[in-house]
Amino acid sequence: MLTNGDGVLKVANEAGFAVPAFNISDYAMFAGIAELCEELQAPWIVAIHPDEYDHIGPDMIKAILARAYRSSVPMAIHLDHGGTYEQVLTSIQNGYTSVMIDASVKPFEENVAITKKVVETAHAVGLSVEGELGTIGANDSYGESGATEVIHTTPEDAVTFVEQTGVDSLAIAIGTFHGLYPAGMKPELKLDLLKEIKAAVPIPLVLHGGSNNPDREIGIAAHTGINKINISSDIKVAYHSKMREVLGDDPKLREPLMIQPACVEAMNVVAAQKIELFGAAGKAELYR
Ligand SMILES: [Zn+2]
């Protein structure tokens, strides 16, 4: 079933697990993940970054919506890292059920102002909004561009931000990094900080960029206040590594149906492990 972001995350917040948000910009990958989530009876979120939207265009959103309507598990369609008010409007027009506005690299007051504006608009049409506070570093184009430094979110700022903007969920910086980590960087999640933030703002919290953080830490976070975890690099690496292997240097291989299934299977091994780690497997029944 097609569900709005708030609908998916509220249940996760009450039950103490994290919903996986998979970044998708390819139909074979999308269809594979959709099937896997049904198999595991896990609620999930299709996350589409503006760059990914530029790649797939509005027609594929219609296909994603059609799949969501007949899905046996709750599914939300989410704008990942919306950078402008216009991108949010385009997403609403296209039928997304959840949006993120990320103005986290802007000064606090500016972040509040644009997030508040997005919340007013999205709430008027029944959609929920994810904001971001603090700086999750990035070495790919999917996070705050150029932000290589991590600035942790503070509980005090989180309280003020949520009060002033009315966001439904909040992406926080507690020691993750977008994309694959630069060599020499040792990721460490600040689990105590997570506890403090959750106690201060009991709304669903979101983790971006946890690709290289240890599973143990991610698992704890998913059960102590994080209710949505973005997965992008990990599934894309699994898919395309397998594709390289399948293609090898065989010039006769050309049919997608001969190439893609093994790649989807390899990707789904990684995705399934995440779904289990987040505690999302079998949770679709909580939505009935
Ligand atoms: Zn992100």
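Report on the accompanying structure. The structure presented is a predicted model; accordingly, all values stated were derived computationally and were not measured. (Residues numbered from 1 in each chain as written. Predicted model: local features only at pLDDT ≥ 70, side-chain atom pairs only at ≥ 80, totals over all residues. Heavy atoms only, no water.)

## Things to note about the state of the cysteines
Throughout the structure, instances matching the rule amount to zero disulfides. Take Cys37: it sits in no disulfide, and the sulfur closest to it among the cysteines is that of Cys263, at 19 Å. A relative accessible area of 0% means that Cys37 is categorised as buried. Cys263 sits in the buried class, given a relative accessible area of 0%. (Disulfide = S-S within 2.5 Å. Buried < 20%, exposed > 50% of the residue type's maximum accessible area, 1.4 Å probe, protein only.)

## Some remarks on the packing of helix α9 (residues 233-247) against helix α10 (residues 256-277)
Running from N to C, α9 and α10 point in directions that differ by 150 degrees, and their axes come no closer than 8 Å. Comparing their axes, α10 and α9 come out roughly antiparallel. As for how α9 packs across α10, the hand of that crossing is right-handed. Of α10, the residues touching α9 (which contributes Asp234, Ile235, Ala238, Tyr239, Lys242, Met243, Val246 and Leu247) are Met258, Ile259, Gln260, Ala262, Cys263, Val264, Ala266, Met267, Val270, Ala271 and Lys274. (Axes fitted to C-alpha atoms, helices over the stretch in contact; angles between N-to-C directions. Helix = DSSP H or I, 4+ residues; strand = E, 2+ residues; numbered from the N terminus. Parallel < 35°, antiparallel > 145°, perpendicular 65-115°, else oblique. Left-handed = near helix turned anticlockwise from the far one by under 90°. Contact = heavy atoms within 4.5 Å.)

## Observations concerning the nonpolar core
With 84 residues, the main nonpolar core has Phe22, Ile33, Trp44, Ile48, Leu170 and Ile226 as its most contacted residues. The element that contributes the greatest number of residues to this core is α10, accounting for eight residues. Not counting chain neighbours up to four residues away, the residues in contact with Trp44 comprise Val19, Pro20, Phe22, Phe30, Ile33, Ala34, Cys37, Val73, Pro74, Met75 and Ala76. (Core = buried A, V, L, I, M, F, W, Y, C linked by side-chain atoms within 4.5 Å.)

## Quick look at a negative patch on the surface
On the surface, Glu156, Asp157, Asp192 and Glu196 cluster together to form a negatively charged patch. Elements that contribute at least two residues to the negative patch include exactly α6 (155-165) and α7 (191-200). Relative to the helices and strands, Asp157 is located in helix α6. Overall, the relative accessible area of 35% leaves Asp157 in the partly exposed class. (Patch = residues over 30% accessible without salt bridge, like charges linked within 9 Å, V, L, I, M, F, W, Y side chains within 5 Å. Areas by Shrake-Rupley, 256 points an atom, 1.4 Å probe, with all protein chains shown as cover. Salt bridge = Lys/Arg side-chain N within 4 Å of Asp/Glu carboxyl O. Lys, Arg positive; Asp, Glu negative; His and termini not counted. Charge placed at Lys NZ, Arg CZ, Asp CG, Glu CD.)

## Points about the pairing of strand β7 (residues 169-172)
Burial along β7 is two-sided: the face carrying Ser169 and Ala171 and the face carrying Leu170 and Ile172 are both buried. Pairing of strand β5 (residues 128-133) with β7 involves four bridges; the strand directions are parallel. Bridge assignment links Leu133 to a residue of β7, and that residue is Ile172. Two elements, β7 and strand β9 (residues 205-207), share two bridges in a ladder whose sense is parallel. Bridging from a neighbouring strand, Leu170 pairs with Leu205 of β9. (Pairing = 2+ DSSP bridges.)

## Focus: unusual backbone geometry
Even without being glycine, Gln41 reaches a positive phi, approximately 50 degrees. Tracing the backbone through its elements, the reader meets Gln41 in the loop between α2 (27-39) and β2 (44-48). Gln41 sits in the partly exposed class, given a relative accessible area of 22%. Not every positive phi belongs to a glycine, and His81 is a case in point at roughly 50 degrees. Mapped onto the fold, His81 is located in strand β3 (residues 75-82).

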